[in-house]
Amino acid sequence: MLTTAPRDPAALPRLLITVLALLLLWPGLSLSELDLAVLVDGDNTRAMGNFLAGFWPPSHDAEFLALLGRATLETLAIATAGMSLALLIAIPAALLASRALSLSAVHRGGRPTWWANLARWPVRGVLIFLRSVPEIVWALLFVRAVGLGPTAGVLAIAITYAGMLGKVYAEIFESVDARPTRALLGAGSGRLSAFAYGVLPNAAGEMLSYTVYRWECAIRASVVMGFVGAGGLGQQIDLSLRMFAGGEVASMLLTFLLLVLLADQFSRLLRARLT
């Protein structure tokens, strides 16, 4: 005997959510003035074809390759130095913003007092401000302050990524098992000792994995910031584009692609060893 399949009770809510999403998406497409037809317009197609034709063959003379090598190393140095400075800011800020080392929570069964939570809000507010401003905006400001060059890129990455790392580190500290930390604090241990022996051993793997991921993002960001004069591959790409040197741009883009692939593989290898 054939029986009809039971009616899916979630079908109507899914349909309503889909319709609502489409209704919200349509104004966004209208405001963005998205017009895909310009990609297949005859004049635009010929212009793009002529532009891309200048990318071949990629430049490979010895003088340019030496310049490319220096720019690549500069990009890596900007990302690494910026992340190092960001860590110096993020770790202390995360300790101040986290509830993991709250002394009041020890005496209240794991719940910090209202005034303890209130004292953390200024630090959290600073972290929100640091990460809410894109790194390219910081780079523009620092280029005006310290001039063209990698210093502006390092400072921009340090400021922006300090806010990102500080927020995530604070959440990681609060997500680990709090019993060892509270036991140490309840026994009279200092907060730094409780952090070193109660929080850090459980949080180190996740912290390192996220830090490596952010370093990989910093490499890409350092190239983008080069377009505003913050040094590295981005600045050289911008200069070559201004001179219509398509072969140089192609070589730099291939180098950047290789650099991102190597950073991704290095990040993947570290995460595999941590898990």
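Predicted, not measured: the structure shown is a model, and the values here were computed from it. (Residues numbered from 1 in each chain as written. Predicted model: local features only at pLDDT ≥ 70, side-chain atom pairs only at ≥ 80, totals over all residues. Heavy atoms only, no water.)

What to know about the overall build of the protein
- Regarding its fold elements, the protein presents 11 helices and 0 strands.
- Helices and strands appear in the protein in the N-to-C order α-α-α-α-α-α-α-α-α-α-α.
- Taken over 275 residues, the protein has a buried fraction of 39%.
- Long-range pairs, those at least 24 residues apart, make up 74% of the contacts in the protein with a sequence separation of at least 6.
- Carbon and sulfur atoms provide 69% of the accessible area of the protein, an area that totals close to 16700 Å². (Helix = DSSP H or I, 4+ residues; strand = E, 2+ residues; numbered from the N terminus. Buried < 20%, exposed > 50% of the residue type's maximum accessible area, 1.4 Å probe, protein only. Contact = heavy atoms within 4.5 Å. Areas by Shrake-Rupley, 256 points an atom, 1.4 Å probe, with all protein chains shown as cover.)

Things to note about the UniProt feature "transmembrane region" (unreviewed entry) in the protein
- According to UniProt, the feature "transmembrane region" (unreviewed entry) maps to residues 76–101, 136–162 and 243–263 in the numbering used here.
- Across residues 136–162, the secondary structure splits into 89% helix and 0% strand, with the terminal C-alpha atoms separated by 15 Å.
- Taken end to end, residues 243–263 is 86% helix and 0% strand, and its two terminal C-alpha atoms sit 30 Å from one another. (UniProt positions renumbered as here; feature names shortened; annotations may be inferred.)

Describing the side chain of T75
- Within the secondary structure, T75 sits in helix α3 (residues 62–97).
- Judged by relative accessible area, T75 falls into the buried class, the value being 0%.

Looking at the environment of R214
- Structurally, the position occupied by R214 is in helix α9 (residues 191–225).
- For R214, a relative accessible area of 16% translates into the label buried.
- Remark: the alpha-carbon pair of R214 and A79, spanning 135 residues in sequence, is separated by 9.5 Å.
- Here R214 is in contact with M83, Y161, M164 and L165, once residues within four sequence places are set aside.

Observations concerning the layout of surface pockets
- The computed volume of the second largest pocket comes to approximately 160 Å³.
- When residues of the lining of the second largest pocket are traced back to their parent elements, those giving at least two are α5 (114–132) and α7 (150–175).
- Ranked by the residues each element gives to the lining of the second largest pocket, the list is headed by α7, at 5 residues.
- Considered class by class, the residues forming the lining of the second largest pocket number 4 nonpolar, 1 polar and 5 charged. (1 Å grid on protein atoms, 1.4 Å probe; cavity = no way out; pocket = protein on both sides within 12 Å on 5 of 7 lines; lining within 4 Å. Points joined across faces, edges and corners; volume = space filled by probe spheres on them. Nonpolar A, V, L, I, M, F, W, Y, C, P; charged D, E, K, R; others polar.)

Topic: the packing of α3 against α9
- Taken N-terminus to C-terminus, the directions of α3 and α9 make an angle of 145 degrees; their axes are 10 Å apart at the nearest point. Considering the relative orientation of α3 and α9, their crossing is right-handed. Contacts from T75, L76, I78, A79, T80, M83, L87 and L95 in α3 reach F195, T211, R214, W215, A218, I219, S222 and V223 in α9.
- In the contact of α3 with α9, the residues fall into 11 nonpolar, 4 polar and 1 charged. (Axes fitted to C-alpha atoms, helices over the stretch in contact; angles between N-to-C directions. Left-handed = near helix turned anticlockwise from the far one by under 90°.)

Focus: the pattern of salt bridges
- Applying the stated criterion across every chain, the model contains 4 salt bridges.
- Notably, a salt bridge pairs R124 with E174, separated by 3.7 Å at the nearest N-O pair. Of this pair, R124 sits in helix α5 while E174 sits in helix α7, and the two are 50 residues apart along the sequence.
- Exposure remark for R124: the relative accessible area of 19% places this residue in the buried category.
- In this structure, E216 and R220 form a salt bridge, with 3.3 Å as the shortest nitrogen-oxygen distance. Linking E216 with R220, this pair stays in helix α9, spanning 4 residues, or about one helical turn. (Salt bridge = Lys/Arg side-chain N within 4 Å of Asp/Glu carboxyl O.)

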